[in-house]
Amino acid sequence: MLIACWSPKGGSGTTVVSAGLALVLASTGPTLLADLAGDVPAALGRAEPDGPGLADWLAAGTAVPDAALARLAVEVGPHLRVLPRGGTDADGAEAAESARASALAAALAADRRSVVADCGRAAAGPGLALAAGASVSLLVLRPCYLALRRAQRAPIRPSGVILIAEPGRSLTRRDVEDVLDVPVRAEVPYDAAVARAVDAGLLATRVPRNLERSLRRAA
């Protein structure tokens, strides 16, 4: 099963949600976390892996088989492996090889493990292809007018929404569901403990309780 996490704009918390969801799934079985945005190792408190990654696989075209993806994954914790982004410009690769991103989505969807993809701001390129081809497409959204407006105009329709519930916002869960006509599958309350865990490099070993409890509803 491929679960794609994406957002219509940057700064929505997509990477932390993707990493948290992958950690929740890894607690019950083998899980793969595909990093198209490039920030997953840092969010998990891990060094950037050496060698090629997803962007390089995309750039290589059909000369490199789907099976090579397995060799790119690195272990970051019990039952959890990460497919790093790598050093090549993934968006540039997609512009040159449009079918390759769809092949990536198909290969990850066929994986027997649970697969979570951090697609980042999926406006175009491989992130958009994965968000469109995923078994479950989760829009990560802060309840602000600008994000909701961009989500309305997104070229794909999500399966559901992961709502980052910030204090003091006027828009509610019901507003988001009414405007987008898709269910909010989980509400993640704003919690300074999450930022502290990321800053300290502890997210992979100590998932904050509020984040874990919220994301189990979306897993």
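Note: the structure precedes this text.
Quick summary incoming for the structure in this document.

Cut-offs used in this document
- Residues numbered from 1 in each chain as written.
- Predicted model: local features only at pLDDT ≥ 70, side-chain atom pairs only at ≥ 80, totals over all residues.
- Heavy atoms only, no water.
- Buried < 20%, exposed > 50% of the residue type's maximum accessible area, 1.4 Å probe, protein only.
- Helix = DSSP H or I, 4+ residues; strand = E, 2+ residues; numbered from the N terminus.
- Pairing = 2+ DSSP bridges.
- Core = buried A, V, L, I, M, F, W, Y, C linked by side-chain atoms within 4.5 Å.
- Contact = heavy atoms within 4.5 Å.
- Axes fitted to C-alpha atoms, helices over the stretch in contact; angles between N-to-C directions.
- Salt bridge = Lys/Arg side-chain N within 4 Å of Asp/Glu carboxyl O.
- Expected span 1.5 Å × (residues − 1).

Counted residue by residue, strand E2 (residues 31-35) has five buried out of five residues, so it is predominantly covered. As paired elements, E2 and strand E4 (residues 80-83) share four bridges and run parallel to each other. Bridge pairing links leucine 33 to valine 82 in E4. Bridging between E2 and strand E5 (residues 114-121) involves five bridges; their strand directions are parallel. Bridging across to E5, leucine 32 finds its partner in valine 115.

With 41 residues, the main nonpolar core has Leu108, Leu141, Val161 and Leu180 as its most contacted residues. The biggest single contributor to this core is helix H6 (residues 98-109), with five residues. Ignoring anything within four residues of it in the chain, the contact list for leucine 180 reads Leu139, Leu141, Leu148, Ala151, Gln152, Arg157 and Val161. Val116, Val140, Ala186 and Val194 belong to the second-largest nonpolar core, a separate cluster that totals 30 residues.

A word on the sheet that holds strand E6 (residues 136-141). With respect to topology, eight strands assemble into an open sheet ordered E3-E4-E2-E5-E1-E6-E7-E8, the strand pairing being mixed. Because the sheet does not close on itself, it has two edges, and the strands there are strand E3 (74-77) and strand E8 (184-189). Across the sheet, the axes of successive neighbouring strands diverge by a mean angle of 25 degrees, strand direction being ignored. Against the sheet, helix H1 (residues 14-26) touches strand E1 (2-7), E2, E4, E5, E6 and strand E7 (160-165), its axis set at about 175 degrees to E5.

Quick look at the pattern of salt bridges now. Applying the stated rule across the entire model yields eight salt bridges. Among the ionic pairs, aspartate 111 bridges to arginine 113, the shortest N-O distance being 2.9 Å. The partner of glutamate 166 in a salt bridge is arginine 142, with the nearest N and O atoms 2.4 Å apart. Taken together, the positions of glutamate 166 in the loop between E7 and helix H9 (173-180) and arginine 142 in the loop between E6 and helix H8 (145-152) put the pair 24 residues apart, joining distant regions of the chain. Each member of the salt-bridge network shares a partner with another, and the members are Arg142, Glu166 and Arg169.

Here H1 is 13 residues long and its end C-alpha atoms lie 18 Å apart, about the 18 Å a rise of 1.5 Å per residue gives. Counting buried residues along H1, twelve of its 13 residues qualify, which places the element largely inside the surrounding structure.

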